[in-house]
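These are the residues of each chain, in order.
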Amino acid sequence: MAVPLRIAVLVVLLAPVASRGMEVVPAHRYGLVQFGNRAAAAKVPPVSFDHWSHRARFTCRLCHVDVGFAMTAGQTGISASTNRSGYHCGACHNGKTVLGGKPVFASCSAGVDVDESPSCRRCHEKRDPEKARRDYEALAEKFPRKGQARAVDWEEAEAKGLVRPIDFVEGVSIRRAPLKMDKEISIESSGWMTDVLFSHRKHSVWNGCEVCHPEIYPSTKSGTKKTSMIGISSGESCGVCHTKVAFPIADCERCHVKPVR
Amino acid sequence: MRRGRSWLLAAVLGAGAAFTVGAAQAVLAQGPAAATQDWKKEFEEICAKTQDAMALPMDELKGLVSRCDKLKPRIEKLDESQRKVYSRRLQVCRDLYQFVIESREKG
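Residues numbered from 1 in each chain as written. Chains lettered and ligands numbered in written order. Predicted model: local features only at pLDDT ≥ 70, side-chain atom pairs only at ≥ 80, totals over all residues. Heavy atoms only, no water.

### Focus on the overall build of chain A
Of the regular secondary structure elements, chain A holds 10 helices and 8 strands. A separation of at least 24 residues holds for 55% of the contacts in chain A among residues at least 6 apart in sequence. (Helix = DSSP H or I, 4+ residues; strand = E, 2+ residues; numbered from the N terminus. Contact = heavy atoms within 4.5 Å.)

So, in structure tokens, the structure goes:
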């Protein structure tokens, strides 16, 4: 059977985009970001931040709303000065906040030589991939794992009470009533995959409302929003998190859960 | 008797004046600190309702957006670290309320 030329061309052109999102990244490397916009000017190595190291303890909302970390790289304006003033990393990494019975080490102490100080190098150091892998495995052995990368299944870990992500930091967060959001949305799949059942409840545990609305999902007339896997693979819509931090889109069946109509 | 009353009146007036001066000094002393924290109280009041945004009536949502717009110039005058963090936090909060308003209007 001959494949029409325009479809063949389309497939060839879109394959790199689609495959980028479908790539299976080793679990210890997934969610790695570097804070380095000001590092060169400050003559310090950039900070390698593994999301998984904080995900077992905190909600996404706490850092991305209350503490003020932007969802887009380079938009936060993080600096040693903001950390020292008790903002950004310094909101918790201030030597006073107690977590698990121990004070959290202070970030960016003034008057310290970054080459000499072991405390600076806890964050400002070239990442050792083997150490990151070992650290990840040490953390992950306590939790259920899932997917092609055998990464921690945070959703199940939370449901089983194995993690209780903190959503409040004294002096930073605002006391509010817990969010009640049980609305589930069925998203019709136009391809060969089964439909998606989107759970607001599962997402709001970690994100509240503000992480997604309106930055990722602006207001639209009901039923008019179209989402494509090409867009998601390119980091739009679900892909903002599900190609970088939350479980990857290569684990198709975790979203496409509804039986074929 | 009359002289005694005068003394009493003078004592009462004196005590009143001393109290007024003391109170004024106390207010002046905490004035700048109170003013600097005033924006934060307003910020917390406005943004404490994001969890309930979907249930709030339209008038209240519009009122919250308006309060965000009024507070913004005050936050822009803060020191650099505070400005970076709270400008963003206020914007996130305002955008959510605006999102709910627009979502309802679009239906």
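### Re the overall build of chain B
Assigned secondary structure in chain B consists of 3 helices and 0 strands. Secondary structure of chain B in N-to-C order comes out as α-α-α. Pairs at least 24 residues apart make up 73% of the contacts formed inside chain B by residues separated by at least 6 positions. For chain B, the accessible area works out to roughly 6,800 Å², and carbon and sulfur atoms hold 61% of it. (Areas by Shrake-Rupley, 256 points an atom, 1.4 Å probe, with all protein chains shown as cover.)

### Details of the nonpolar core
Ranked by internal contacts, the top residues of the largest apolar core, which has 27 residues, are I46 and Y97 of chain B. Counting only elements with at least two residues in this core, the list comes to α1 (2-47), α2 (58-75) and α3 (80-106) of chain B. No other element matches the 9 residues that α3 of chain B contributes to this core. Beyond its immediate sequence surroundings of up to four residues, I46 of chain B is in contact with L64, R67, C68, L71, C93 and Y97 of chain B. Listed in part, the 12 residues of the second largest apolar core include A27, Y136, W154 and W206 of chain A. (Core = buried A, V, L, I, M, F, W, Y, C linked by side-chain atoms within 4.5 Å. Buried < 20%, exposed > 50% of the residue type's maximum accessible area, 1.4 Å probe, protein only.)

### Regarding the pattern of salt bridges
A complete count under the given rule lists 22 salt bridges over all chains for this structure. Taking the shortest distance from any N to any O, the salt bridge between R254 of chain A and D153 of chain A comes out at 3.3 Å. With R254 of chain A in the segment after α10 (239-242) and D153 of chain A in the loop between β6 (151-152) and α7 (154-159), this residue pair connects regions lying 101 residues apart in the sequence. You'll find R254 of chain A and D153 of chain A in the same group, each marked buried. Its salt-bridge partner being K84 of chain B, residue E80 of chain B comes within 3.7 Å of it at the nearest N-O pair. Linking E80 of chain B with K84 of chain B, this pair stays in helix α3, spanning 4 residues, or about one helical turn. In this structure E80 of chain B comes out as partly exposed when scored by relative accessible area, which is 45%. (Salt bridge = Lys/Arg side-chain N within 4 Å of Asp/Glu carboxyl O.)

### Section: the domain arrangement of chain A
Residues and elements named next belong to chain A. According to the domain assignment, chain A consists of domain 1 (27-175) and domain 2 (177-261). On a C-alpha basis, the centroid separation for the pair domain 1 and domain 2 is 25 Å. Summed over the shared surface of domain 1 and domain 2, the number is 2 salt bridges. Here domain 1 is connected to domain 2 by 9 residue pairs in polar contact (both at pLDDT 80 or more). Ranked by residues supplied to the side of domain 1 that touches domain 2, first place goes to helix α3 (residues 60-66) with 4 residues. Across the side of domain 1 that touches domain 2, the residue classes tally to 8 nonpolar, 7 polar and 6 charged. (Domains from an automatic or database assignment. Polar contact = N/O pair within 3.5 Å; in protein donor to acceptor, adjacent residues only side chain to side chain. Nonpolar A, V, L, I, M, F, W, Y, C, P; charged D, E, K, R; others polar.)

### With respect to the state of the cysteines
Residues and elements named next belong to chain B. Applying the stated criterion across every chain yields a total of 1 disulfide over all chains. Two residues, C47 and C93, share a disulfide whose sulfurs are 2.3 Å apart. When the S-S torsion is -120 degrees, as for the bridge of C47 with C93, the disulfide is left-handed. A residue pair is termed long-range when its members are at least 10 positions apart, and C47 in helix α1 and C93 in helix α3 qualify at 46 residues. For the pair formed by C47 and C93, the shared burial category is buried. (Disulfide = S-S within 2.5 Å.)

### Some points on a positive patch on the surface
Residues and elements named next belong to chain A. Where like charges cluster on the molecular surface, the positive patch consists of R57, K102, R122 and K142. Along the chain, R57 falls in the loop between α2 (51-55) and α3. Judged by relative accessible area, R57 falls into the partly exposed class, the value being 46%. (Patch = residues over 30% accessible without salt bridge, like charges linked within 9 Å, V, L, I, M, F, W, Y side chains within 5 Å. Lys, Arg positive; Asp, Glu negative; His and termini not counted. Charge placed at Lys NZ, Arg CZ, Asp CG, Glu CD.)

### Thoughts on the pairing of strand β2 (residues 47-50) of chain A
Residue and element names in this part refer to chain A. Taking every second residue as pointing to the same face, both faces of β2 are buried, with V47 and F49 on one and S48 and D50 on the other. Across 4 bridges, the pairing between strand β1 (residues 32-35) and β2 is antiparallel. By the bridge assignment for β2, L32 is matched with D50. (Pairing = 2+ DSSP bridges.)

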